[in-house]
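Architecture and fold: a report
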Amino acid sequence: MHEPAFWYRPASWMSRLLMPLAALYGAVAAYRLRRKGIDAGIPVLCVGNYHVGGAGKTPTVVALVQVLRDLGETPVVLSRGYGGRLRGPVMVDADRHVAADVGDEPLMLSKTVPVAVARERIGGLALARSRGATAIVMDDGFQNPAIAKDTALIVIDAHRGLGNACVFPAGPLRAPLSPQILRTDALIVIGEGKAAEGTAAAIAGQGKPVFTAHLKADDFSLALLRGKRVLAFAGIGDPDRFFRTLGANGVEVVGERAFADHYPFARGEIERLLSEAKHDGLTLVTTEKDMARLRVAGGLPSWAQDVVPFEVKLEFDDAPGLRRFVSQQLHWARDRKFKKE
């Protein structure tokens, strides 16, 4: 879906009109947050958002997986597989599955880490444990009560923040903000801007850490685009963040085309974009997540070969501090589980 523009405008009449629905939705969401999920038996670290839409969860998951591996863990990512037809539980196989099977984010993540997809997350947890997982990284699911989270890391974009801070459908929040903040163990603020300062202050005021991070372009991606003018397109939660990231990394963006999150591109649409780019002497570029949706069984089809993926990774300003935090959380989680036995 496309996010309504009024979500990111203050005092909108549309928001006020939807407040009764938002109050009902928020009450149910707050109740779900209070429910206790099952104990996974191994540490569960959840990477989530307070709001719908994109903020940088996927690169955060990749970065967290690397931290866990550096600490000697064997992490498996657990995902609902949004946009995929398979209910699971199933381990994602990039050679066999396409985005329509398991979702674009799990398919993209599976290049670097084992990913279990399950519509019912408890089944995915059992599958992950059977594959030798010593820690689970939940990709989203902060508001889902099925599995108890030992650590909740919330991602927020520094440029957009939380919009009008209203609960869906009056705004982008998935639940009232206060109960979400209470269940947060750390906040990760990505990018430049001041829109997240209030939320960061609330988290810090509870004595919880706030980490800042930036998206850095992959060297190979930059080399492919060096000296070229580009037509950029994206079907992600916040396409503007992708366009800003390109510009921040020195890529000259001449044209932008934004689509709804998880947009299922058809061959004809990509061919039209390529034709437009060629006519104007531009290079067509998109995100890793969008490229995952262009793939077919066996790889990238011939009609998408000229699309250039722009790969990024998340770099933390205090990487040692994040490592200490994760190590401490793992220790506390295992200590709690041991005392329950």
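Right above here is the structure, for reference.
Residues numbered from 1 in each chain as written. Predicted model: local features only at pLDDT ≥ 70, side-chain atom pairs only at ≥ 80, totals over all residues. Heavy atoms only, no water.

1. Some points on the nonpolar core
- Counting 37 residues, the largest nonpolar core has L45, L64, L68, V77, V137, F316 and V326 as the members making the most contacts within it.
- Residue contributions to this core peak at six residues, all from helix α3 (residues 57-70).
- Every residue in contact with L64, bar those within four places of it in the chain, is listed here: L45, V47, V137, L153 and V326.
- Ranked by size, the runner-up nonpolar core spans 36 residues in total, among them Y50, F142, A158 and I181. (Core = buried A, V, L, I, M, F, W, Y, C linked by side-chain atoms within 4.5 Å. Buried < 20%, exposed > 50% of the residue type's maximum accessible area, 1.4 Å probe, protein only. Helix = DSSP H or I, 4+ residues; strand = E, 2+ residues; numbered from the N terminus. Contact = heavy atoms within 4.5 Å.)

2. Section: the sheet that holds strand β5 (residues 135-139)
- Here we have nine strands laid out as an open sheet, ordered β3-β4-β2-β5-β1-β6-β7-β8-β13, and mixed in their pairing. Each having just a single partner strand, β3 (90-91) and β13 (312-316) make up the two edges of the open sheet.
- The sheet contacts of helix α6 (residues 121-130) involve β2 (75-79), β3, β4 (115-117) and β5, and relative to β2 the element is tilted by about 160°. (Pairing = 2+ DSSP bridges. Axes fitted to C-alpha atoms, helices over the stretch in contact; angles between N-to-C directions.)

3. Structural notes on helix α11 (residues 267-279)
- Between its first and last C-alpha, α11 extends 18 Å over 13 residues, near the 18 Å set by a 1.5 Å rise per residue.
- Among the residues making up α11, those that are buried are E269, I270, L273, L274 and A277. Mapping the buried residues of α11 onto a view down its axis gives an arc of 135°, with all of them on the same face. Facing away from the buried side of α11, by more than 90 degrees, are the exposed residues R272, K278 and H279.
- Of the surrounding elements, those touching the buried residues of α11 are β9 (229-234), β10 (252-258), β11 (283-287) and α12 (288-294).
- Directly beyond the C-terminal end of α11, a positive phi value near 70° is found at G281. (Expected span 1.5 Å × (residues − 1). Arc of directions from axis to C-beta.)

Any functional reading would require information that these geometric values do not contain.
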